[in-house]
Amino acid sequence: MPTNIEWADLTDNIIRAKRGGWWCQKISDGCKNCYSEKLNQNSFFGGNKQPYSGQPPELVLDTEAIRKWRFQRKPKKHFVSSMTDVFGEWIPRSWQHEMLDGMFVAPNQIFQILTKRPEIMLSSMDEWLSCHGLDKLPLNIWPGTSIENRRTLEERSQFLTKIPALIRFWSVEPLLEDLGDITQYLNDVQLVIVGGESGPNSRPCHIEWINSIVQQCQQSKTPVFVKQLGANAKFGGQQFKTRNKKGGDIEEFPLHLQVRELPLSICG
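Residues numbered from 1 in each chain as written. Predicted model: local features only at pLDDT ≥ 70, side-chain atom pairs only at ≥ 80, totals over all residues. Heavy atoms only, no water.

For the protein chain, the assigned domains are domain 1 (1-138) and domain 2 (168-267). In this assembly, 14 residues from domain 1 lie in contact with 16 residues from domain 2. Where domain 1 abuts domain 2, roughly 1,200 Å² becomes buried across the two surfaces, and 66% of that area is made up of carbon and sulfur atoms. Together, Glu6, Trp7 and Asn33 form the three largest contributors to the area buried by domain 1 at its contact with domain 2, with a combined 50%. Linking domain 1 with domain 2 are one salt bridge. Per element, the largest residue contribution to the side of domain 1 that touches domain 2 is four residues, and it comes from strand 5 (residues 110-115). A class-by-class count of the residues in the side of domain 1 that touches domain 2 yields five nonpolar, four polar and five charged. (Domains from an automatic or database assignment. Contact = heavy atoms within 4.5 Å. Buried area = accessible area lost by both parts, 1.4 Å probe. Salt bridge = Lys/Arg side-chain N within 4 Å of Asp/Glu carboxyl O. Helix = DSSP H or I, 4+ residues; strand = E, 2+ residues; numbered from the N terminus. Nonpolar A, V, L, I, M, F, W, Y, C, P; charged D, E, K, R; others polar.)

Structure representation (structure tokens):
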């Protein structure tokens, strides 16, 4: 379905709870104020009100949605399963491979797959590639990992870089601290998306942290996409107020942060 997520055109939530809504499992600091869990508690969205912890409910794979990918004529950027992690430990490996099969036969569509578990993504994709006699993912499949602090940068990037893909990306959201020097990691990714946390009880995101990432990406010629400043943006230690409740209006960004780049393969 169409999305307001600035770096995608559609969200395809192909894995759902059988009784409605979605389910995921929290794994790190970035999950604390999970937007998906909040939506899942809301009956308006068909949620099952089950918290993103404990044992998963019965889940279903939307095979019909996967089948339809190949028949979509107009190229779109698909954020796959924005409400869960398709490489969660609870997801059958066969479902992951069926998803990749659907992407493989829809080469005019771009599929952005984001995980907090890149070690599972690496293992599953290696198996899938081997089964198909391939040595790398096709250009339309973009594996990515979420990063929120220095620890997750160091832990997750080491697995993402081993995935044989032409385009790999980071979603640095919510950015919870200054990542410091990231130049040694930037050669292994082709896109960095960055943003502060939004929603109630948002944790602070200092604009200086975002600026550091943008500058380092620009110096290394890595495309960088500033998604939002967050609902609790700080600058010079003071609150940076925006009319947009999540700090997502690019016209309200400091001029040097009004940057929304994508890999050259899809530009123009």
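With that settled, consider the packing of helix 4 (residues 118-132) against helix 5 (residues 150-160). Contact pair helix 4 / helix 5: the axes reach a minimum separation of 8 Å and the direction vectors enclose 5°. Looking at the two axes, helix 4 sits roughly parallel to helix 5. Side by side, helix 4 and helix 5 meet where Pro118, Glu119 and Leu122 of the first sit next to Arg156, Phe159 and Leu160 of the second. (Axes fitted to C-alpha atoms, helices over the stretch in contact; angles between N-to-C directions. Parallel < 35°, antiparallel > 145°, perpendicular 65-115°, else oblique.)

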